[in-house]
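Fold and geometry: a report
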Amino acid sequence: MSRKVGVCLSGCGVRDGSEIHETVLTLLALDHAGVEAVCIAPDGAQTQVVNHVDGKQQKEKRDILAESGRIARGNIKNIKKVTADDLDALIFPGGFGAALNLCDFGINGEKCTVHPEVNRLVREMHKAEKPIGAMCIAPALIARILGDHGVLLTVGTDASTAKKIEAMGAHHQFCAVQDIVVDEKNKIVSTPAYMLANCISDVSTGIQKLVKKIVELIG
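Let me sum up the structure you'll find in this document. This is a predicted model, so every value here is computed, not measured. (Residues numbered from 1 in each chain as written. Predicted model: local features only at pLDDT ≥ 70, side-chain atom pairs only at ≥ 80, totals over all residues. Heavy atoms only, no water.)

1. Observations regarding the overall build of the protein
Of regular secondary structure, the protein possesses seven helices and 11 strands. Relative to its length of 219 residues, the protein is compact, with a C-alpha radius of gyration of 15 Å against a globular reference of 17 Å. Looking at the protein as a whole, 53% of its 219 residues qualify as buried. For the protein, the accessible area works out to roughly 9,900 Å², and carbon and sulfur atoms hold 48% of it. Each charge sign in the protein was given a centre, from 25 positive and 26 negative side chains, and these centres are 3 Å apart. (Helix = DSSP H or I, 4+ residues; strand = E, 2+ residues; numbered from the N terminus. Rg over C-alpha atoms; globule rule 2.2 N^0.38 Å. Buried < 20%, exposed > 50% of the residue type's maximum accessible area, 1.4 Å probe, protein only. Areas by Shrake-Rupley, 256 points an atom, 1.4 Å probe, with all protein chains shown as cover. Lys, Arg positive; Asp, Glu negative; His and termini not counted. Charge placed at Lys NZ, Arg CZ, Asp CG, Glu CD.)

2. Brief notes about the state of the cysteines
Counted according to the given criterion, the structure contains zero disulfides. Looking at C112, it has no disulfide partner, and the nearest cysteine sulfur is the one in C103, 4.7 Å off. C112 sits in the buried class, given a relative accessible area of 4%. (Disulfide = S-S within 2.5 Å.)

3. A word on the nonpolar core
With 37 residues, the main nonpolar core has L90, F92, V118, V122 and I142 as its most contacted residues. Secondary structure elements with two or more residues in this core: β2 (36-41), β6 (89-92), α4 (116-127), β7 (132-135) and α5 (138-146). For this core, the element with the highest residue contribution is α5, accounting for seven residues. Counting 29 residues, the second largest nonpolar core, distinct from the first, contains A41, A89, V189 and I214. (Core = buried A, V, L, I, M, F, W, Y, C linked by side-chain atoms within 4.5 Å.)

4. Topic: the pattern of salt bridges
Inspection of every chain in the model, using the stated rule, returns eight salt bridges. Note that E67 and R70 form a salt bridge whose closest N and O atoms lie 3.2 Å from each other. Highlighted residues: E67 and R70, both in helix α2 (residues 64-71), separated by three residues, approximately one helical turn. For E67, a relative accessible area of 7% corresponds to the buried category. Through salt bridges with shared partners, one network takes in E60, R62, E67 and R70. (Salt bridge = Lys/Arg side-chain N within 4 Å of Asp/Glu carboxyl O.)

5. Some details on helix α7 (residues 200-218)
Note that an α-helix has 3.6 residues per turn; residues three or four places apart therefore point the same way. For α7, spanning 19 residues, the distance from its first C-alpha to its last is 27 Å, which sits close to the expected 27 Å at 1.5 Å a residue. On the buried face of α7, the contacting elements are α1 (20-32), β6, β7, β10 (181-183) and β11 (188-191). A positive phi of about 85 degrees marks G219, the residue just after α7. (Expected span 1.5 Å × (residues − 1). Contact = heavy atoms within 4.5 Å.)

6. Here's the deal with the packing of α4 against α5
Any two packed helices are characterised by how steeply their axes cross, that is the angle between the axes, and by the distance between the axes. Interaxial distance between α4 and α5 falls to 10 Å at its minimum, and their mutual angle equals 75 degrees. Put simply, α4 runs roughly perpendicular to α5. Between α4 and α5, the residues in contact are V118, N119, V122, R123 and H126 and L141, I142, I145 and L146, respectively. Tallied by class, the residues present in the contact of α4 with α5 amount to six nonpolar, two polar and one charged. (Axes fitted to C-alpha atoms, helices over the stretch in contact; angles between N-to-C directions. Parallel < 35°, antiparallel > 145°, perpendicular 65-115°, else oblique. Nonpolar A, V, L, I, M, F, W, Y, C, P; charged D, E, K, R; others polar.)

7. Focus: the sheet that holds β7
If you walk across this open sheet you meet the seven strands as β5-β2-β1-β6-β7-β11-β10, and the pairing is mixed. The strands lining the two open edges of the sheet, one partner per strand, are β5 (76-78) and β10. Each strand axis lies, on average, 25 degrees off the axis of its neighbour in the sheet, ignoring direction. In the sheet, strand β1 (residues 4-8) pairs with β2 via five bridges, with the strands oriented parallel. (Pairing = 2+ DSSP bridges.)

Shown next as structure tokens:
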């Protein structure tokens, strides 16, 4: 049976959804590893919509699931219909949508709350001892959900974000852009990606390492 890894998206675009480069590189690395990617996302309105040319917020409304479907070429599932039994691992690309639509860390910091279906699935995966990957700002989401387990994570070298992650009970480890941090006990792998990267090749190296480790942890 083919191994299946969930890729949880939060929209389409670095400023208000999933970071497209990080997402595509994740999907590519999974494909090269011979693993089936299962794209998933919550259904509901994005917290904000941003013009990616001028950075200004727009008055229009967009749906997280529908926007995520743009990256997934329409092959996407509502996270509400996915359980840990359906997956062998779960990965969260970054992009500000991870901190706006999957949780509200981008607004409320360490006092953030998490989308209930995202919270459910992450806790199910952790309880089932199935690996979880997170990149860019997405480790903050994992810290909020699993901070009570003292998980080890990285967002790179951003001291301010690291402090907020530790305030949620998680442990932060500074990390270079092309590297990963592995919590062997909790089977969590994280990499800085565009929290640090200046070019797509740096992002690619870190994501390839993350996916390789996730596949190893699946066994």
